[in-house]
Structure formats: C-alpha cells, structure tokens
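# Structure assessment
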Amino acid sequence: MLARDVMTRKVISVASDASVMQAAALMLKHQISGLPVIDSSGILLGIVSEGDFLRRAELGTQRRRARWLEFLIGPGRLANEYVHACGRKVTEIMTPNPHTATETTPLTEVVEAMERHRIKRVPVVCGGRLVGIVSRADLLRAVARLERATATVATDAEIRERVIAELRKQSWAPLGLINVIVRDRTVDLQGTITDDGARQALVVAAENVPGVRTVQDHLVWVEPVSGMTVFPDDTGATSASAS
C-alpha cells in the first residue's frame, strides 16, 4: 500500500499568519491533535500539535531551571524555549521542516517514520504543496476498511488453503509438525510444537484468514530439553505432564 491509499485528502490546516489561539481553537473545533501550517500558496511550512501547548506561559508550565544549568545550556536554546512558551504566532511555536511523504511513498516507510521519530502524523506533499496527511487515525480507518472488504464467506477447502499458504510464508511456523482441519469455517489446529511462543502466532495466522468463524487450539507442546509435554484439554486450556 502507498500513502495515497490511506491518506486524508481534505486536510484541515492553519495559515502561517494565524495566531496560536486560532490554531488551538481550530484543533478543538475539529477534535484533532495537530495541524499542518501552510503559506498562502499551500506550501507546507511546519506542524503545530498538542505538544506545542504543553510548555506555555499562560499555563505557568514553561521550563524553569537553576541558574547554573541555564549557564550550561546556553543563551541560544534558552531563547528558543522562551519563544516557544510565549510566542503569539503559530509560526513561532510550530515544528518547522516536518517529516513528509509523497503520494507514492510506501506505507511501510510512513509507519517507520512515525515510529522512528515518535510522531503521530506525516504530511503528504507534491512539489512542496500539502496534498494530504497520514495520521494514526487514517491507519485505523484503513484496517477497518480492509476488514470489511475481506469479510467474505469462503469454503472450508479455500480457508484451509489460505491458512497453510500464510504459514508457509512464516519462518517460525512448524508446518511439517501440525495439521490444519477446517469444518464449517472452524479451524482446528492439531499437531506438535516445540516452542510455546508459536501457539498464539498460529492461532492469529488462522484468525486472519477471511471467512474463518473461530479457531480451536489442539496443539501439543513438547519442551525439547526436558521432554515435558503439555496437552490441550477439551476446553482449549492446557495440562502438563512429564515424560
């Protein structure tokens, strides 16, 4: 998937000449946690978010440090913090030069940028102009759309083929040691695993196949070193015995 597949195209933004209070009011009105800042021609200049309102002079939450620490930090950084806490224009408190994507940026790269830089949204630009935005909410909506799109009824044989095909892609899946049985869209996992960590992963792999109603776990775990064997009971719980 690409950024254009999930991005919001009608982006709520704020003009670069807007005040801090106007930006705050806009965020509250639309119940969003961040706004792209654009100039009169639509060029992206920065991002203003809820985090920019944490250290504000109006709230008395601006940073205060001991004199000796201020000396170590230096006047440049202190001046920047003062502007951020007391600035009246949105351009004075925004994060300039934000991380961006294009419409053809793979969605994996967008998510990696979110994780790496600990950000909640990535503006999408074309020639510097704002054309969309990918937020965490957009990712949630994309997951919901895909879930609805794949919620189709499949035959038991098709479900079994899809479960096995998914397991073949996974290096952790002990495909040669387990059997996948499907009856009335219920997947029954049987066989032996040597790492109990694979149990939940096998269940999840089956649950994600379109058309599956439920998954039954009848896997037996054999601990390779001690030989301890854990048998599932009829309720899906497990009981252990030494061998």
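Residues numbered from 1 in each chain as written. Predicted model: local features only at pLDDT ≥ 70, side-chain atom pairs only at ≥ 80, totals over all residues. Heavy atoms only, no water.

Right, let's talk about the side chain of Arg121 for a bit. Among the secondary structure elements, Arg121 is positioned in strand 5 (residues 121–126). Buried and unpaired, Arg121 has no salt bridge, with Glu50 as the nearest side chain of opposite charge at 6.2 Å. At 2.4 Å, the side chain of Arg121 and the side chain of Ser33 are in polar contact. Filtering out sequence-adjacent residues up to four positions away, Arg121 remains in contact with Ser33, Gly34, Ile47, Ser49, Met114, Ile133, Val134 and Ser135. (Helix = DSSP H or I, 4+ residues; strand = E, 2+ residues; numbered from the N terminus. Buried < 20%, exposed > 50% of the residue type's maximum accessible area, 1.4 Å probe, protein only. Lys, Arg positive; Asp, Glu negative; His and termini not counted. Salt bridge = Lys/Arg side-chain N within 4 Å of Asp/Glu carboxyl O. Polar contact = N/O pair within 3.5 Å; in protein donor to acceptor, adjacent residues only side chain to side chain. Contact = heavy atoms within 4.5 Å.)

It is worth spelling out the pairing of strand 3 (residues 44–49) at this point. In terms of residue burial, strand 3 counts as a mostly covered element, since five of its six residues are buried. In terms of strand pairing, strand 2 (residues 34–38) meets strand 3 through five bridges, oriented antiparallel. Pairing of Ile38 across the sheet is with Leu44, part of strand 3. In sequence, strand 2 turns back onto strand 3 through a hairpin of five residues, with Gly42 there showing a positive phi of about 90°. (Pairing = 2+ DSSP bridges.)

Turning our attention to the nonpolar core. Counting 22 residues, the largest nonpolar core has Ile159, Val163, Leu167, Val180, Val187 and Leu189 as its most contacted members. Elements with a contribution of two residues or more to this core: helix 8 (156–168), strand 7 (178–183), strand 8 (186–193), helix 9 (197–207) and strand 9 (214–222). Grouped together as the second largest cluster of nonpolar side chains are 13 residues, Ala18, Met27, Val37 and Val90 included. (Core = buried A, V, L, I, M, F, W, Y, C linked by side-chain atoms within 4.5 Å.)

Of the residues in the chain, 91% have a pLDDT of 70 or more, and the chain-wide mean is 85. Mean pLDDT per element in the chain: strand 11 (residues 238–241) is the minimum at 35, and strand 5 is the maximum at 95. Confidence drops under a pLDDT of 50 for residues 235–243, and excluding neighbours within four residues, the segment shows 21 contacts in the predicted structure. (pLDDT = per-residue confidence, 0-100.)

Turning to the sheet that holds strand 3, a few remarks are in order. A sheet is described by the order of its strands in space; here four strands give the open sequence 1-2-3-4, paired in mixed fashion. Among the strands making up the open sheet, the edge pair consists of strand 1 (14–15) and strand 4 (95–96). Packed onto the sheet, helix 2 (residues 20–30) meets strand 1, strand 2 and strand 3 and runs at close to 135° relative to strand 2. (Axes fitted to C-alpha atoms, helices over the stretch in contact; angles between N-to-C directions.)

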